[in-house]
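Residue-level listing of the chains:
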Amino acid sequence: MSNNDASTTNTPPTNFIHQIIEQDIQEGRNGGKVVTRFPPEPNGYLHIGHAKSICLNFGTAEKYNGECNLRFDDTNPSKEDQEYVDAIKEDVQWLGFKWAGEVRYASDYFDQFYAWAQHLIRNGNAYVCDLSPEEASEYRGWATKPGKNSPFRERSAEESLDLLERMKQGEFEEGSRVLRAKIDMTSSNMNLRDPILYRIRKQSHHQTGDKWCIYPNYDFAHGQEDAIEGVTHSICTLEFADHRPLYEWFIENLPVPSKPRQYEFGRLNINYTVTSKRKLKQLVDEGVVNGWNDPRMPTISGMRRRGYSAQAVRNFCDSLAVAKTDGVVDMAQFEFFVREDLNENSARAMCVLNPLKVVITNFPEGEVEMMTAPAHPQKEMGSRSLPFTREIYIDRNDFNEDSTLSRKKFKKLVPGDFMRLRSAYVIKAEEVIKDDSGEVTEIRATLVPGTVGENPPAEMKPRGVMHWVSATHGKQVKVRVYDRLFSVEKPNDDDFLADINPDSYVELNNCWAEPELVNAEPETVFQFEREGYFVADRYDHDVTTPTFNKTIGLKDSWVKK
RNA sequence: UGGGAUAUCGCCAAGCGGUAAGGCAACGGGUUUUGAUCCCGUCAUGCGGAGGUUCGAAUCCUCCUAUCCCAGCCA
């Protein structure tokens, strides 16, 4: 609630795109309407970078009472698949956005594009070129070296029209001919050196099947898609800035129904991860991670499985500047929003990750005392019951044999000293039992009567508080502990796999949780007190195989030593 | 090297000629039956550099410097 108020109306513009929009509205441009679109190519899964674009496009439409379309830019069948179409729709919905009307596809407009291609030819603005890809590249020149005209550039409109139709009929091989715009082979903008409009691809398409064997390029499609849909502000990332003159050239030279404008903003980069589609795909294909929705992946489906809430992802994206700088946002900034949301909304529970048995010698065997604890320390979220028994588990890390450690600095169980069991008694460690190898296997302790909900006398003041679970009434659960996928801020570009964090995934099979936890609905996030946030796995969790993924640890300001 | 963009605290960033917002991180301190949360406090005489215009410049001008993007029949 608190974070989103700012994005309703009447607030001053927060970024340069909103400034432009407000000016457009003031000048009555587009009849005061604002229409945006999120236009992914269905060739991979959406990631955190896309989330920023989604939040910007949908958020902008929302802010100005406009609409935002979801449109698949499916102009290259050789890279695309229905699997990605479905996953992308699911991700956008999970984030909580609703697109205007039906989902759109660039392929819905292929007939129109073809007619417009003929229009350009007739007006002397396009021609069929027979240069091979290698020759075309040579003719195009170099950034500092002007290109030269294709020998087919002055071919008659009639001939080009005929050739284009025959390309469409499948008469020619892939790569043998293309349709090009006739602009300027000497332009300092490479995109204007007679860009390719259509190329031959004898492949079936996930939406149009085998209807087409020629497909438009990005540049000959995107602006026209926007124009057809009445998009007013076409927001894309910085690398498309060089394409804007071409975008405008098509809008000017074609009888399009509206005149959209393109604006570019800086793409989101975060440290300790990668977001290039190529690298993410490699991680999946080489089995470095367990699929696109592995909880370590920066994909939306990965973050979802990790336990990050849609609201946290959105709050993070909204906190980001929309500007033209290309910086790298600190992962800590993202983690802040994840914790902020989870702290506010997740129920508390206790789960011991590395069990160490404690026997309360002055508590009768077989007896069960039910403790009650609030589900949330600050918010009213109900309460839970915790069975307290003679044998309990505490975390191995909460015990230390060294009783000389400073009481103030070391808030853990040490022999002869007192500790508070969260929501239960204060206990005192009396005896340490070890096995032959010297490893501590059990602690024998005594409880201080009357300390449930009450403080003990000053001389019995506990060093600190620790979580616990009944050894006889708790449930054994599986916990998957995740950490950052990469151990360095900026994974090496050439060999990024070498920078994988070897400890990014650890599976713990002997964890003990308070009983109710096994009944949790999949995708529910809990705060395991003193440990962090954990989500019941979306796919693998159920009563018989309780499985939790570590979402993120609690902030830890305890400086060791 | 031709073109397009960008440079403000460790990171993100506001600022649009009137004397450097905010968030993250960090560091102090308080509360606390989570070393969490919460609360309080500290954190740029400085805005990539050098000149100039101006009563006044992060904001305007000039020249440098650094970084990113463009030479797919990818998007």
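Look a little higher up for the structure.
Okay, so let's go over this structure. (Residues numbered from 1 in each chain as written. Chains lettered and ligands numbered in written order. Predicted model: local features only at pLDDT ≥ 70, side-chain atom pairs only at ≥ 80, totals over all residues. Heavy atoms only, no water.)

1. What about the overall build of chain A?
Then step 1. Assigned secondary structure in chain A consists of 12 helices and 25 strands.
Then step 2. A sequence separation of at least 24 residues applies to 71% of the contacts in chain A between residues at least 6 apart.
Then step 3. A distance of 3 Å separates the average location of the 70 positive side-chain charges in chain A from that of its 88 negative side-chain charges. (Helix = DSSP H or I, 4+ residues; strand = E, 2+ residues; numbered from the N terminus. Contact = heavy atoms within 4.5 Å. Lys, Arg positive; Asp, Glu negative; His and termini not counted. Charge placed at Lys NZ, Arg CZ, Asp CG, Glu CD.)

2. Re helix H9 (residues 277–285)
Then step 1. When we look at burial in H9, the residues that qualify are Lys 279, Leu 280, Leu 283 and Val 284. Looking down the long axis of H9, one finds its buried residues gathered within 140 degrees of arc, a one-sided arrangement. Exposed positions of H9 whose direction lies more than 90 degrees from the buried face are Arg 278 and Asp 285. (Buried < 20%, exposed > 50% of the residue type's maximum accessible area, 1.4 Å probe, protein only. Arc of directions from axis to C-beta.)

3. Re the sheet that holds strand E20 (residues 468–470)
Then step 1. Strand order in the open sheet formed by seven strands is E19-E16-E17-E18-E12-E15-E20, with mixed pairing between adjacent strands. Each edge of the open sheet is held by one strand with a lone partner, namely strand E19 (465–466) and E20.
Then step 2. Here two bridges tie strand E16 (residues 418–421) to E19, and the two strands are oriented parallel to one another. In the sheet register, Arg 420 faces E19, and the bridge partner there is Val 465. (Pairing = 2+ DSSP bridges.)

4. Considerations on the packing of helix H11 (residues 310–319) against helix H12 (residues 331–345)
Then step 1. Relative to each other, H11 and H12 sit at 135 degrees, their axes nearing to 8 Å. Taken together, the axes of H11 and H12 are oblique relative to one another. In this structure, H11 meets H12 at a crossing whose hand is right-handed. Note on element contacts: H12 touches H11 through Gln 333, Phe 334, Phe 337, Val 338, Glu 340 and Asp 341, opposite Gln 311, Ala 312, Val 313, Asn 315, Phe 316 and Ser 319.
Then step 2. Looking at the contact of H11 with H12 residue by residue, the class counts come to six nonpolar, four polar and two charged. (Axes fitted to C-alpha atoms, helices over the stretch in contact; angles between N-to-C directions. Parallel < 35°, antiparallel > 145°, perpendicular 65-115°, else oblique. Left-handed = near helix turned anticlockwise from the far one by under 90°. Nonpolar A, V, L, I, M, F, W, Y, C, P; charged D, E, K, R; others polar.)

5. A word on the side chain of Asn 271
Then step 1. Checked against the element boundaries, Asn 271 lands in the loop between strand E9 (261–265) and H9.
Then step 2. A polar contact of 2.8 Å, which involves the side chain of Asn 271, links it to the backbone nitrogen of Met 331.
Then step 3. Excluding its chain neighbours within four sequence positions, the residues that come into contact with Asn 271 are Val 328, Val 329, Asp 330, Met 331 and Glu 489. (Polar contact = N/O pair within 3.5 Å; in protein donor to acceptor, adjacent residues only side chain to side chain.)

6. Brief notes about the environment of Pro 374
Then step 1. One can find Pro 374 in strand E13 (residues 369–374).
Then step 2. Sequence separation between Pro 374 and Ser 423 is 49 residues; the distance between their C-alpha atoms is 9.0 Å.

7. Describing the nonpolar core
Then step 1. Judged by nonpolar contacts, the single largest core of 42 residues is most densely connected at Ile 48, Ile 54, Val 92, Leu 95, Val 313, Phe 316 and Phe 334.
Then step 2. When residues of this core are traced back to their parent elements, those giving at least two are helix H2 (48–63), strand E2 (67–72), helix H3 (82–94), helix H10 (300–306), H11, H12 and strand E24 (532–536).
Then step 3. Of the residues forming this core, the biggest block, six residues, is contributed by H2.
Then step 4. Ignoring sequence-local partners within four residues, the contact set of Leu 95 consists of Ala 51, Ile 54, Ile 300, Ala 310, Val 313 and Arg 314. (Core = buried A, V, L, I, M, F, W, Y, C linked by side-chain atoms within 4.5 Å.)

8. Let's talk about the protein's contact with RNA strand B
Then step 1. Neighbouring residues of RNA strand B: 64 residues in total, closest Trp 142, Arg 201, Arg 422, Gly 453 and Ser 557.
Then step 2. When atoms of RNA strand B within 4 Å of the protein are split into backbone and base, the sugar-phosphate part holds 63%.
Then step 3. Tyr 218 places a main-chain nitrogen or oxygen 2.9 Å from a phosphate oxygen of RNA strand B.
Then step 4. In the model, a phosphate oxygen of RNA strand B is placed 2.4 Å from a nitrogen or oxygen of the Ser 557 side chain.
Then step 5. Elements supplying a minimum of two residues to the surface near RNA strand B: helix H5 (133–140), strand E6 (196–200) and H12. (Near = heavy atom within 4 Å.)

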